[in-house]
Amino acid sequence: MTRVAFIGLGNMGSGMAANQAKAGREVVAYDLNAEAVARATEQGMTGAASAAEAVKDADIVITMLPAGKHVSSVYLESILPNARKDALLIDCSTIDVDSARTVARDASMQGFRAADAPVSGGTAAATGGTLTFMVGCREQDFADFEDALKPMAKAIIHAGSNGAGQAAKICNNMLLGISMIGTCEAFALAERLGLDAQKFFDIASKASGQCWSLTSYCPWPGPVPAAPSNRDYEGGFAAAMMLKDLTLAQDAAEAMGASTPLGGGAEALFKELVGRGHGGKDFSAILEMLRGKL
Ligand code: NAD
């Protein structure tokens, strides 16, 4: 039986690990939070007392951790010294490109095959096994990583060499942050101009302003019933998470000398929203800040 070590059983990792178990794999789960490990054991997984213990004898090692510093330390202290050299190492966290490349280089120097595989889709997709994975790895290793990720995925795309998955993730989310703010500014201006919001939606969704933030995730309540705007901006993709991704994008842009003025503006606006205490709200709540309501 394929053995999977899963490290990081938070909002995302708990559902992802469960889907590995549902696919008939033996999952050995670890998190710093003992309650998260206990919940995993209740679902039929094996709990480990440490990350080092979890990765011993694993065929696949998956991490789903908050940030680059957590991934780097878990790799250096627990995974690389204890995993089997033929184990596939996959980091699904969203982290900075530099840390992703450094971790992959250290792993490869020790003979491991490693991939960065950040995800698109929130906790519902993590639980439902419908995440999209953007994978950075060597071309010749991709098929094995694809097979390892399948129980958690709707789509698995090879983005390029190590670090390319993280690069794709932060570029995509920078675009999303900018397009959401643009959509919100348009609704806020339409309101001031006395234009009916539904009429504006009907027109823009068939005109050149059309984009995903408008037609799939409309920040104005009504036109897209499934969007978080209809639930007082609860659930969905937290503004604090969007801020994290925009900051990663700005740090990368600065390091690479890329010009991203709108990315910088988006980061500043989300920083303001989070600073006003609304980091837990869905990121489309930025509309309410622009309307002066938050
Ligand atoms: P989370 O904070 O809910 O979970 C992180 C888990 O990691 C926690 O349970 C924490 O105890 C554990 N952890 C931290 N350091 C550890 C260590 N050294 N060893 C073992 N466990 C450790 O976060 P999340 O929402 O599950 O997000 C995880 C990653 O996925 C982040 O990088 C995030 O940016 C990314 N992501 C999140 C979403 C989302 O909607 N939540 C969507 C896409 C990507």
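Keep in mind it's a predicted model, so treat the numbers as computed, not measured.

Trainee: How should I be thinking about the pairing of strand 2 (residues 26-30) in this particular structure?
Mentor: Consecutive side chains of a regular strand alternate in pointing toward one face of the sheet and then the other. Of all 5 residues making up strand 2, 4 are buried, and the element is well covered by its neighbours. In the sheet, strand 1 (residues 3-7) pairs with strand 2 via 5 bridges, with the strands oriented parallel. In the sheet register, A5 faces strand 2, and the bridge partner there is V28. Following the chain from strand 1 across helix 1 (residues 13-22) to the adjacent parallel strand 2, one finds a crossover that is right-handed. Direction of pairing for strand 2 relative to strand 3 (residues 46-47): parallel, over a ladder of 2 bridges. In the sheet register, A29 faces strand 3, and the bridge partner there is G47. Once you follow strand 2 into helix 2 (residues 34-42) and on to strand 3, the crossover reads as right-handed.

Trainee: How do you make sense of the site of the ligand when you look at a structure like this?
Mentor: Taken together, 22 residues lie near the ligand, and N11, M12, D31, L65 and K244 sit nearest. One of the backbone N or O atoms of L32 is found 3.3 Å from a nitrogen atom in the ligand. Contacts to the ligand include P66, whose backbone N or O atom sits 3.1 Å from an oxygen atom. Isolated, the ligand exposes 840 Å² of accessible area, and the fraction of that covered by the protein chains is 84%. At the level of secondary structure, the elements contributing two or more residues to the shell around the ligand comprise helix 4 (68-82) and helix 11 (239-256). When its residues are assigned to classes, the shell around the ligand shows 11 nonpolar, 8 polar and 3 charged. Counting contributing residues per domain, the shell around the ligand is built from domain 1 (3-161) and domain 2 (167-290), each supplying no fewer than three.

Trainee: Looking at this structure, how should I read the pairing of strand 8 (residues 131-136)?
Mentor: Most of strand 8 is tucked away, with 6 of its 6 residues classed as buried. In strand 8, alternate side chains face the same way, and those of L131, F133 and V135 on one face and T132, M134 and G136 on the other are all buried. Bridge count for strand 7 (residues 119-120) against strand 8 is 2 bridges, and the pairing is antiparallel. Within strand 8, the position partnered with V119 by the bridge is F133. With 6 bridges connecting them, strand 8 and strand 9 (residues 153-160) associate as parallel partners. Paired with V135 across the two strands is H158, which belongs to strand 9.

Cut-offs and rules
- Residues numbered from 1 in each chain as written.
- Predicted model: local features only at pLDDT ≥ 70, side-chain atom pairs only at ≥ 80, totals over all residues.
- Heavy atoms only, no water.
- Buried < 20%, exposed > 50% of the residue type's maximum accessible area, 1.4 Å probe, protein only.
- Helix = DSSP H or I, 4+ residues; strand = E, 2+ residues; numbered from the N terminus.
- Pairing = 2+ DSSP bridges.
- Right-handed = clockwise from strand over helix to strand, strands pointing away.
- Near = heavy atom within 4 Å.
- Polar contact = N/O pair within 3.5 Å; in protein donor to acceptor, adjacent residues only side chain to side chain.
- Areas by Shrake-Rupley, 256 points an atom, 1.4 Å probe, with all protein chains shown as cover.
- Nonpolar A, V, L, I, M, F, W, Y, C, P; charged D, E, K, R; others polar.
- Domains from an automatic or database assignment.

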